[in-house]
Amino acid sequence: MAGHVNSLHDQVAEQLRGLIFAGELLPGGFVDETRLCEKLAISRTPLREALKVLTAEGLIRHEPRRGCFVNEVTEQDLDDIFPVIALLEGRCAFEAAQQVSDADIAALAGLHSQLQDSAAQGRIPDYYAANYAIHEAIIAIAGNKWLAQVISDLRKILKLARLQQLNAPGRLSQSLAEHMAIFAALKAHDAEGADAAMRTHLTRQREALRQLARQHKSRIAAVATPHDKLGIAT
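Residues numbered from 1 in each chain as written. Predicted model: local features only at pLDDT ≥ 70, side-chain atom pairs only at ≥ 80, totals over all residues. Heavy atoms only, no water.

**Looking at the state of the cysteines**
Argument step 1. Here the structure, examined in full by the defined rule, presents zero disulfides.
Argument step 2. Left without a disulfide partner, cysteine 68 is nearest to the cysteine sulfur of cysteine 37, which lies 12 Å away.
Argument step 3. The exposure class assigned to cysteine 68 is buried, which follows from its relative accessible area of 6%. (Disulfide = S-S within 2.5 Å. Buried < 20%, exposed > 50% of the residue type's maximum accessible area, 1.4 Å probe, protein only.)

**Focus: the packing of aromatic side chains**
Argument step 1. Tallied over the entire structure, the rule returns one aromatic pair.
Argument step 2. For lysine 187, the ring lying beneath its charged end belongs to phenylalanine 183, and the centroid distance is 4.5 Å. (Phe/Tyr/Trp six-rings, centres within 6.5 Å; stacked < 30°, edge-to-face > 60°. Lys NZ or Arg CZ within 6 Å of the ring centre and 35° of its normal.)

**Observations regarding the layout of surface pockets**
Argument step 1. Computed from the structure, the largest pocket encloses a volume of approximately 900 Å³.
Argument step 2. If you trace the largest pocket, you find 25 residues lining it, with Asn131, Tyr132, Arg155, Leu158 and Lys159 closest to the centre.
Argument step 3. Elements supplying a minimum of two residues to the lining of the largest pocket: helix H1 (2-21), helix H4 (75-99), helix H6 (124-142), helix H7 (145-160) and helix H9 (191-224).
Argument step 4. When residues of the lining of the largest pocket are assigned to their parent elements, the largest contribution, seven residues, is made by H7.
Argument step 5. Of the residues that constitute the lining of the largest pocket, the class distribution is eleven nonpolar, six polar and eight charged. (1 Å grid on protein atoms, 1.4 Å probe; cavity = no way out; pocket = protein on both sides within 12 Å on 5 of 7 lines; lining within 4 Å. Points joined across faces, edges and corners; volume = space filled by probe spheres on them. Helix = DSSP H or I, 4+ residues; strand = E, 2+ residues; numbered from the N terminus. Nonpolar A, V, L, I, M, F, W, Y, C, P; charged D, E, K, R; others polar.)

**Looking at the nonpolar core**
Side chains of nonpolar character tend, in soluble globular proteins, to be buried together.
Argument step 1. Core analysis: the largest hydrophobic core is formed by 64 residues, its most contacted members being Leu16, Ile20, Leu47, Ile60, Leu108, Ile138 and Leu186.
Argument step 2. Of all the elements, H4 adds the most residues to this core, at eleven residues. (Core = buried A, V, L, I, M, F, W, Y, C linked by side-chain atoms within 4.5 Å.)

**Structural notes on the pattern of salt bridges**
Argument step 1. Applying the stated criterion to the full structure yields 20 salt bridges.
Argument step 2. Residue glutamate 95 is joined to arginine 91 by a salt bridge in which the shortest nitrogen-to-oxygen separation is 2.9 Å. Here the residue glutamate 95 and the residue arginine 91 both occupy positions in helix H4, the gap between them amounting to four residues, near one helical turn.
Argument step 3. Taking the relative accessible area as the measure of exposure, glutamate 95 reaches 13% and is therefore buried.
Argument step 4. With its nearest N and O atoms 2.6 Å apart, the salt bridge here joins arginine 123 to aspartate 126.
Argument step 5. Given a relative accessible area of 36%, aspartate 126 falls into the partly exposed group.
Argument step 6. Through salt bridges that share partners, Glu14, Arg17, Glu57, Asp153 and Lys156 make up one connected network. (Salt bridge = Lys/Arg side-chain N within 4 Å of Asp/Glu carboxyl O.)

**Description of unusual backbone geometry**
Argument step 1. Of note in the backbone geometry, alanine 41 takes a positive phi value of approximately 55° without being a glycine.
Argument step 2. Here alanine 41 shows up in the loop between helix H2 (33-40) and helix H3 (44-57).
Argument step 3. Using a relative accessible area of 70% as the deciding quantity, one classes alanine 41 as exposed.
Argument step 4. In this structure, histidine 189 takes a positive phi of about 55° despite not being glycine.
Argument step 5. Mapped onto the elements, histidine 189 comes out in the loop between helix H8 (171-187) and H9.
Argument step 6. The exposure class assigned to histidine 189 is partly exposed, which follows from its relative accessible area of 42%.

Put into structure tokens, the structure is as follows:
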């Protein structure tokens, strides 16, 4: 019976993640337990167990006497997370370069071809998909389950932020060049080079996101500024 309860609340946790990542449960929004129980056709017990799981992952926060809310990711959170995930994924690339096989390289070559084609044709969703598959493949090649687990947990938080770093000017071609540098190091079994290239890749992602955030603030400021302060006659 215990196994059934565990599998049920795991399923509910996965459903809740889906609702969050799909934007049906918005950052900062209240988690209405009654409505969710009706929507998912479940009782309160598996829902509350699932909410505990998501709270531990950082996707949900619980406020005493108020209930649960979907977490919001701040710029400070991103500043804190990106150096950590850069170190972790860099270590994955390091370990992957030490043990990558000819079959692994062939599989990665196929993924990088997809990445190049998507970039050349400006197919951003396809580029994101190939990019994700490459990162997952490198983690799998490294074969370090502890690194994989921590990276997975941090990625969930980053996914909550709905990051679109490829929208930054010039970022698509830059990202592609970074990936090709990582791949070259892996093919050469250059562990230190792969580590450094991966850390550069993640660090530049954060820089691109900062650029987008600055542009967004500038647009908001331009809209909010009264005409007379702009020196425009009214």
